[in-house]
Amino acid sequence: MKPGLRRLLLGLLAVAGIGLTASLGFWQLDRAAQKLALQQSINSRALQAPLSAQGLGRNPEDAAGQLHLPVLLRGHWLHAQTVFLDNRPMAGRVGFFIVTPLRLQGRSEAILVQRGWLPRNALERSQLPQLPAAELSEGEVEVQGRLALAPSRVYEFSAAHSGAIRQNLDAAAYAQETKQELLPLTVLQTGPKLADEMPRDWAAPDLGLQKHYGYAFQWFALSALLLGLYVWFQFIRPARAQRPSSHEQ
């Protein structure tokens, strides 16, 4: 291949590679900007007036528009249908997320409430933790929280999908199992404050902002590397090779 044609081909490949990696870097920054806007939307939703039971969406389309909104609900706990989701850490400790349906006042449906966290007995994994007495009310209760998706799924160590202790909870299957109509979203309970309540240090929604910034840095670094290699091999190295050495002068 002629030197001129070879240089042209390498130049085109370098431009294509630099352009591709730089565009991928800007794409990751754009994704981060979208996630940042979503985070700001979530934060603004948290400041809105809480929804009552009558305002909750019945179908998934309406419910999707209410995600992350605060709620103030009244109803009765269906204690017999409480589920203990295993392998759910909080504050560095392993335990259960406690999920109980709340039959809503003035409505026929119930809504799943992620009520809090309790530690697991390290010596007897099948032992259920005891809920605080203040959490066992049989009368009407008031629940504060925010609307969320179903509890996050974890790796299933067994195929068991029934019983009080479970790895994951499929809301649709659970509704059929309990013969209780459930609203599409769940509630992450945040209050009211009780004297002996369960910990509720719910993690903020992870939108992956740092992941996108990290990917953008990697793509821009690769773009800079390609540019540096092209300049080195096509300009700096040939120029240095053409300089007369000291013993030739």
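Residues numbered from 1 in each chain as written. Predicted model: local features only at pLDDT ≥ 70, side-chain atom pairs only at ≥ 80, totals over all residues. Heavy atoms only, no water.

A. Highlighting the nonpolar core. Judged by nonpolar contacts, the single largest core of 19 residues is most densely connected at Leu56, Leu73, Leu102, Leu104, Ile111 and Leu147. In contact with Leu73, other than residues within four places in its own chain, are Leu51, Ser52, Ala53, Leu56, Leu102, Leu104, Ile111, Val141, Glu142, Val143 and Val187. Membership of the second largest hydrophobic core comes to 16 residues, among which are Val83, Leu85, Leu169 and Trp202. (Core = buried A, V, L, I, M, F, W, Y, C linked by side-chain atoms within 4.5 Å. Buried < 20%, exposed > 50% of the residue type's maximum accessible area, 1.4 Å probe, protein only. Contact = heavy atoms within 4.5 Å.)

B. Structural view of the packing of aromatic side chains. Scanning the entire structure with this criterion turns up 4 aromatic pairs. Centroid distance Phe26 to Phe220: 5.0 Å. Interplanar angle 75 degrees. Geometry classified as edge-to-face. Residue Phe26 is found in helix α1 (residues 3–45), and its partner Phe220 is found in helix α4 (residues 209–242); the two are separated by 194 residues along the sequence. What makes Phe26 exposed here is its relative accessible area of 55%. Residue classification places Phe220 among the partly exposed positions, given a relative accessible area of 28%. (Phe/Tyr/Trp six-rings, centres within 6.5 Å; stacked < 30°, edge-to-face > 60°. Helix = DSSP H or I, 4+ residues; strand = E, 2+ residues; numbered from the N terminus.)

C. Local environment of unusual backbone geometry. Even without a glycine there, the phi angle at His68 is positive, about 80 degrees. When you line up the elements, His68 lands in the loop between α2 (60–64) and β1 (70–77). For Ala91, which is not glycine, the phi torsion reads 55 degrees and is therefore positive. Note on placement: Ala91 falls in the loop between β2 (83–85) and β3 (95–104).

D. Structural context of the packing of α1 against α4. Where α1 meets α4, the closest approach of the two axes is 8 Å, and the angle between their N-to-C directions is 165 degrees. When the axis of α1 is compared with that of α4, the two are roughly antiparallel. You can see that α1 and α4 cross each other, and the crossing is left-handed. The class makeup of the residues in the contact of α1 with α4 is 19 nonpolar, 8 polar and 3 charged. (Axes fitted to C-alpha atoms, helices over the stretch in contact; angles between N-to-C directions. Parallel < 35°, antiparallel > 145°, perpendicular 65-115°, else oblique. Left-handed = near helix turned anticlockwise from the far one by under 90°. Nonpolar A, V, L, I, M, F, W, Y, C, P; charged D, E, K, R; others polar.)

E. View of the pairing of β1. By the bridge criterion, 6 bridges tie β1 to strand β5 (residues 141–148) in an arrangement that is antiparallel. Within the sheet, the bridge partner assigned to Pro70 lies in β5 and is Arg146. For β1 and β3, the ladder comprises 3 bridges, and the chain directions are antiparallel. Note that in β3 the partner of Gly75 across the bridge is Leu104. (Pairing = 2+ DSSP bridges.)

F. View of α4. In this model α4 runs 48 Å from its N-terminal to its C-terminal C-alpha over 34 residues, within 8% of the 50 Å that 1.5 Å per residue would give. Approximately 45 degrees is the largest bend angle found in α4, and it occurs at Trp232. Where α4 is concerned, the buried positions are Leu209, His212, Ala216, Ser223 and Gln234. (Expected span 1.5 Å × (residues − 1). Bend = angle between axes of the 7 residues up to and from the residue.)

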